[in-house]
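# An overview of the molecular structure
One letter stands for each residue in the lines below.
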Amino acid sequence: MHLCSLGGAAELNCPAAAARARRTWWPGHGGSRGGGSRFLCCSRSLSEGCPSAPRLHPHPLGGAAPSGGGASLVSLPRAPSYTEPAVAEYSKELDVAVRVVQMACSLCQGVQEALLGRGADQVKAKEDDSPVTVADWSVQAAVSWLLAESFPGERVSIVAEEDVRSLLEEEEQTGPLLDSVVSAVNGCLREAAAYGLTAAAPPEGGLGRREVLEAIGRCNSVGGPEGRHWVLDPVDGTLGFVRGDQYAVALALIDGGEVVLGVLGCPNYPMRREWLDYHHRYYRAAARVAPAAAAGGWHRGCVMYARRGAGEAWMQPLGPHRAAAAAARPVRVSTVDDPAAATFCEPVEKANSSHAFAAGLARSVGLRNRPLRVYSMVKYAAIARGDAEIFMKFGRSGYREKIWDHAAGVLIVQEAGGVVTDAGGRPLDFSRGIFLDGLDRGIVACSGASLHAKIIAAVDASWDSSEL
Ligand SMILES: Nc1ncnc2c1ncn2[C@@H]1O[C@H](COP(=O)(O)O)[C@@H](OP(=O)(O)O)[C@H]1O
Ligand SMILES: [Mg+2]
């Protein structure tokens with residue numbers, strides 16, 4: 001199946017697409033019913049010789065419910081089944097997940113802005129000393145609520161990082177916190193219509209303390225090999241978040257132990273690579289002086305998403321649904337396979353991954369570029385869209401990686417054409433519950449098989465002499 005571009009010469013030249021457009025018009029990709037859409041499914045394959053078929057992939061959200069801004073995703077009828085069954089699988093889940101992550105990113109942006117203005121007293125420490133903020137609990141509550149309301153009648157299982165107990169303990173020790181969370185959650189849910197999730201809007205008056213606590217507490221699933229489990233890291237890279245730097249909102253769906261869809265919201269990772277080197281505070285300052293440039297969206301972050309087996313991954317800018325979906329585009333890993341030209345990513349914090357071991361590997365493989373040190377799963381996003389070629393993580397011995405720190409990013413990289421395994425070259429196993437148990441030494445994500453093979457061989461060659 002291929003797509004014809006709606007509204008341009010391609011569509012006019014394609015009778016199959018035009019006829020289908022008259023019969024069943026669905027905005028495959030974020031357009032309104034009145035026009036402005038980019039894609040329309042054409043039933044003729046490339047081999048059947050549609051003269052105008054550009055080599056475009058159908059957008060993965062195309063087979064789901066209509067995506068006009070303000071429409072209720074859940075209450076409107078499903079799109080006609082022009083997509084093949086395999087392609088349509090999980091399309092509603094992916095559509096909802098993208099909208100939910102968009103809303104969560106918007107919530108985070110508000111909290112981060114306030115946090116940077118107000119200072120460190122807004123940042124709390126968890127039992128393991130890692131930071132946590134209003135955003136972590138608020139996103140978890142909002143996502144939990146939105147998923148439950150979007151899939152009524154289903155038992156929605158969610159594995160997520162935060163828990164109610166730590167929120168209540170914090171409230172007891174350091175003062176009012178829950179009210180800030182309730183207010184952030186309601187602020188987020190009030191935007192449901194703008195993101196096309198009207199059916200998931202909160203009741204009049206908003207959610208109360210009890211409902212917010214319940215929503216957070218519902219995310220206590222432990223995952224595993226059976227059934228469906230949503231996997232959420234509400235704010236991945238909280239240290240980056242509190243420092244005004246990169247962080248991610250990560251949502252994945254595991255079905256039968258396999259990651260079947262992944263959505264990664266990266267609020268400070270702009271759509272255009274050339275803006276990457278600028279700190280996001282600079283974008284905001286620049287946007288104030290030149291609002292026209294801001295309207296172009298160059299300063300905003302992005303949301304990436306993929307569905308297992310589709311062989312493609314997509315990216316859209318942050319923002320309400322209609323505009324964001326209209327600006328979506330596919331992403332692909334880099335084609336660089338010469339180590340001398342490749343860039344590798346690693347965590348900023350050397351406590352989270354050995355910089356020394358990675359530097360040794362880089363030398364032995366012939367990587368010459370400076371490492372790209374980035375907080376959070378934004379590293380996976382960088383690989384998926386070709387901003388870097390390699391991501392390596394070697395935690396200290398005994399550290400157990402959690403599924404919410406990897407599930408969404410791994411799938412997006414794989415579907416964008418990359419390879420992700422443990423450092424022994426084996427696939428990551430997301431079927432074992434909360435932890436990525438059985439992981440051999442570390443995690444290696446690469447844009448291609450050749451670089452991946454070189455890194456894996458280098459790990460083997462140097463592991464015994466390392467202190468890991
Ligand atoms: N000692 C450790 N070793 C490896 N990873 C760790 C770690 N301590 C925390 N992490 C994980 O690393 C994540 C941050 O990744 P990175 O270092 O790449 O930015 C944290 O996510 P959270 O910030 O969501 O807690 C946390 O899950
Ligand atoms: Mg995390």
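Residues numbered from 1 in each chain as written. Chains lettered and ligands numbered in written order. Predicted model: local features only at pLDDT ≥ 70, side-chain atom pairs only at ≥ 80, totals over all residues.

### Some remarks on the site of ligand 1
Applied cut-off: We call a residue near a molecule or strand when the C-beta position, derived from backbone atoms, sits within 6 Å of it. In this classification, the charged set is Asp, Glu, Lys and Arg, the nonpolar set is Ala, Val, Leu, Ile, Met, Phe, Trp, Tyr, Cys and Pro, and all remaining amino acids, among them Gly, are polar. Here the bounds of each domain stem from an automatic or database domain assignment.
Around ligand 1 lies a shell of 17 residues, among which Thr238, Pro347, Asn352, Tyr375 and Gly395 are the nearest. Residue classes in the shell around ligand 1 are distributed as four nonpolar, six polar and seven charged. Residue assignment places the shell around ligand 1 across two domains, with domain 2 (91–268 + 301–331) and domain 3 (339–463) each supplying three or more.

### Re the nonpolar core
Applied cut-off: Put simply, a nonpolar core is a cluster of buried Ala, Val, Leu, Ile, Met, Phe, Trp, Tyr and Cys residues tied together by C-beta atoms within 7 Å. Exposed residues have 12 or fewer other C-beta atoms within 10 Å of their own C-beta, buried residues have 20 or more, and residues in between are partly exposed; the C-beta atoms are placed from the backbone. Helical segments are the DSSP runs of H or I of at least four residues, strand segments are the runs of E of at least two, and each set is numbered from the N terminus. Note on contacts: each residue gets a C-beta atom placed from the backbone, and two residues are in contact if those atoms are within 7 Å.
Counting residues in each nonpolar core, the largest one holds 129 residues, and the members touching the most others are Ala142, Leu251, Leu264, Met304 and Ile412. No other element matches helix α4 (residues 91–118), which puts 13 residues into this core. Lining this core are residues from two domains, each supplying at least three of them: domain 2 (91–268 + 301–331) and domain 3 (339–463). Here Leu264 is in contact with Ala248, Ala250, Val303, Met304, Met377, Tyr380, Ala381, Ala408, Gly409 and Ile412, once residues within four sequence places are set aside.

### A look at the UniProt feature "binding site: Mg(2+)" (unreviewed entry) in the chain
Short version of the rule: UniProt positions are given in the numbering used here, feature names are shortened, and annotations may be inferred rather than shown by experiment.
Residues annotated in UniProt with the feature "binding site: Mg(2+)" (unreviewed entry) correspond here to Glu161, Asp233, Asp236 and Asp405. The greatest C-alpha distance among the residues just named is 9.3 Å, despite their covering 245 residues of sequence, which places them together in space. With respect to the helices and strands, Asp233 occurs in strand β6 (residues 228–236). Setting aside residues up to four positions removed in sequence, Asp233 forms contacts with Glu161, Ala250, Trp404 and Asp405. Structurally, Asp405 can be placed in the loop between β14 (390–393) and α15 (407–415). If sequence neighbours within four positions are ignored, Asp405 has contacts with Asp233, Asp236 and Met377.

### Focus: the sheet that holds strand β12 (residues 344–346)
Note the cut-off: Pairing between strands is defined by DSSP: at least two bridges between them are needed.
An order of β13-β12-β14-β16-β15 is seen for the five strands of this open sheet, with the pairing classed as mixed. A strand with exactly one partner marks an edge of an open sheet, and here the two such strands are β13 (372–373) and β15 (419–422). Inspection of the sheet shows β14 paired to strand β16 (residues 443–446) by four bridges, in the antiparallel sense. Note on β16: the bridge partner recorded for Ile390 is Cys446.

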